[in-house]
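The lines below spell out each chain.
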Amino acid sequence: MAELLDDHPTLSTVPAAAGEPAPPEPSSPLDETARARAILAAQPVTEGHAGLPSSLDPEDLPPVRAAEAGAQLWSLLVEADEGIIGTLRRIDAVRALVAACPEDLRLAYTTSEMAHARNCGRVAALLGPVGWTALGGSAATLRAYHALGVRAVNLTAFDRFARDAVREMNRIGLAVDLSGADQDTVRRTLAVTRAPALLTRAAPEETPDDVLRLLGANGAVCMVTVTDDTAAVADVLDRVRAGAGAHCAGVSHTTDPDTGYVPLFAELLRRGWTAQELVGLAHANVTRALRETEFLARTNRIRPAAA
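As the structure is a computational prediction, the values presented were derived from the model and not from experiment.

Asker: What's the story with the overall build of the chain in this structure? I'm lost.
Answerer: Helices and strands together make up the secondary structure of the chain, namely 11 helices and nine strands. When the 307 residues of the chain are sorted by exposure, 48% land in the buried category. In the chain, once contacts between residues fewer than 6 apart in sequence are set aside, the share between residues at least 24 apart is 68%. Put simply, the chain shows about 15,100 Å² of open surface, and 53% of that area lies on carbon and sulfur atoms.

Asker: Would you take a moment to explain the pairing of strand S2 (residues 69-76) for this structure?
Answerer: Strand residues, when the strand is regular, have side chains that alternate between the two faces of the sheet. For S2, a buried count of eight out of eight residues is recorded, marking the element as mostly surrounded by other parts of the structure. Bridge count for strand S1 (residues 45-50) against S2 is four bridges, and the pairing is parallel. In the strand pairing of S2, Thr 46 is matched with Ala 71. With five bridges connecting them, S2 and strand S4 (residues 123-131) associate as parallel partners. The partner of Ala 71 across the bridge, within S4, is Ala 124.

Asker: Could you clarify how one ought to interpret the state of the cysteines in this entry?
Answerer: Linking two cysteines covalently via their sulfur atoms produces the bond known as a disulfide. Within this structure, the stated rule accounts for zero disulfides. The thiol of Cys 248 is unpaired, and the distance to the nearest cysteine sulfur, on Cys 222, comes to 6.1 Å. Judged by relative accessible area, which is 0%, Cys 248 ranks as buried.

Asker: Looking at this model, I keep getting lost on the packing of helix H7 (residues 183-192) against helix H8 (residues 209-218). Mind explaining?
Answerer: For any two helices packed against each other, one specifies the inter-axial angle together with the distance between the axes. Viewed as axis vectors pointing N to C, H7 and H8 meet at an angle of 30 degrees, and their least axial separation amounts to 10 Å. When the axis of H7 is compared with that of H8, the two are roughly parallel. With respect to the hand of their crossing, H7 and H8 are arranged in left-handed fashion. Residues Gln 183, Val 186, Arg 187 and Leu 190 of H7 lie in contact with H8, whose contacting residues are Asp 210, Val 211, Leu 214, Leu 215 and Asn 218. Grouping the amino acids of the contact of H7 with H8 by side-chain chemistry returns five nonpolar, two polar and two charged.

The rules behind these values
- Per chain, residue numbering runs from 1 following the sequence as it is written.
- In keeping with the predicted nature of the model, local features appear solely for residues at pLDDT of at least 70, side-chain atom pairs appear and are counted solely at 80 or more, and the whole-chain, interface and lining totals rest on all residues.
- Side-chain figures throughout are based on the complete set of non-hydrogen atoms in the structure, without hydrogens or water.
- Starting at the N terminus, helices and strands are each numbered in turn, a helix being any DSSP run of H or I of at least four residues and a strand any DSSP run of E of at least two.
- Throughout, exposure labels follow a simple rule: accessible area from a 1.4 Å probe, protein chains only, divided by the maximum for the residue type, with under 20% read as buried, over 50% as exposed, and the rest as partly exposed.
- We call two residues in contact when some of their heavy atoms are within 4.5 Å.
- Accessible surface is estimated by sampling points in the Shrake-Rupley manner with a 1.4 Å probe; for residues, cover comes only from the protein chains shown.
- Criterion used throughout: strands pair if DSSP finds at least two bridges between them.
- Any pair of cysteine sulfurs within 2.5 Å is marked as a disulfide.
- Note on geometry: axes are lines fitted to C-alpha atoms, helical ones only across the stretch in contact, with angles between N-to-C directions running from 0 to 180 degrees.
- Our angle categories are set so that under 35 degrees counts as roughly parallel, over 145 as roughly antiparallel, 65 to 115 as roughly perpendicular, and the remainder as oblique.
- Rotating anticlockwise by less than a right angle from the far helix to the near helix defines a left-handed crossing, while the corresponding clockwise rotation defines a right-handed one.
- In this classification, the charged set is Asp, Glu, Lys and Arg, the nonpolar set is Ala, Val, Leu, Ile, Met, Phe, Trp, Tyr, Cys and Pro, and all remaining amino acids, among them Gly, are polar.

Spelled out as structure tokens, the structure:
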């Protein structure tokens, strides 16, 4: 009877018969760093703010960037006194940079071209944003920039011309960048634009809750600068997620290209961000905003141009 009560080995502890392979060990889940690295390898980052290197010395090209970058908006912002001429020179410099790095960079004017560049192993370079003062108060200048390939304009003040300019940007397919705009300008612009806005250098920690909600309703993308203080950046992105929605989170650039974005994405995974939300943060949110801007322009082509 005692023998019937003796413990018997479970199936998992029974040794394999001679010549039979042992059962595989259960696989352990990937840790957050490995998961973050895997996500970024498949879904590279679209950065909202890239600046020209101090020189175009061939020995310094291509420019230093995070390994996970897959597309970049190249800033065309100039000093107020440089105006249109300075902006045109900057456009020319970006084009020269891309031409000097054909194995690394490729100009892109649409979201389809962004994807094609990535599939070819290139980093997509988009022109913009242009500074508000570089418009010279002219819708014709706005259209000329668009014809040159510019795809975003930084609006920092709101008046009658700004209202008309936002409508014209919607019509021709220019994204409205609200980086650096005061909160009243943001509110008034969001009341006019029919396309999602961008904040290529966002400061969500300084943004009131009601404005975050308006940005969420608009489908805008708050692109946050990534520093070496991973926890602080994650806090800022948590605020965007809570106030506007995960669909509004994006990346501006990193101050430490050598470290890249893996530590931040690993921290967000630890905080409960889903893989889908991180894909949105990496590039899907800003791609969606740009695609909606393109679509709106296509539907408005029959409308007359503003004076």
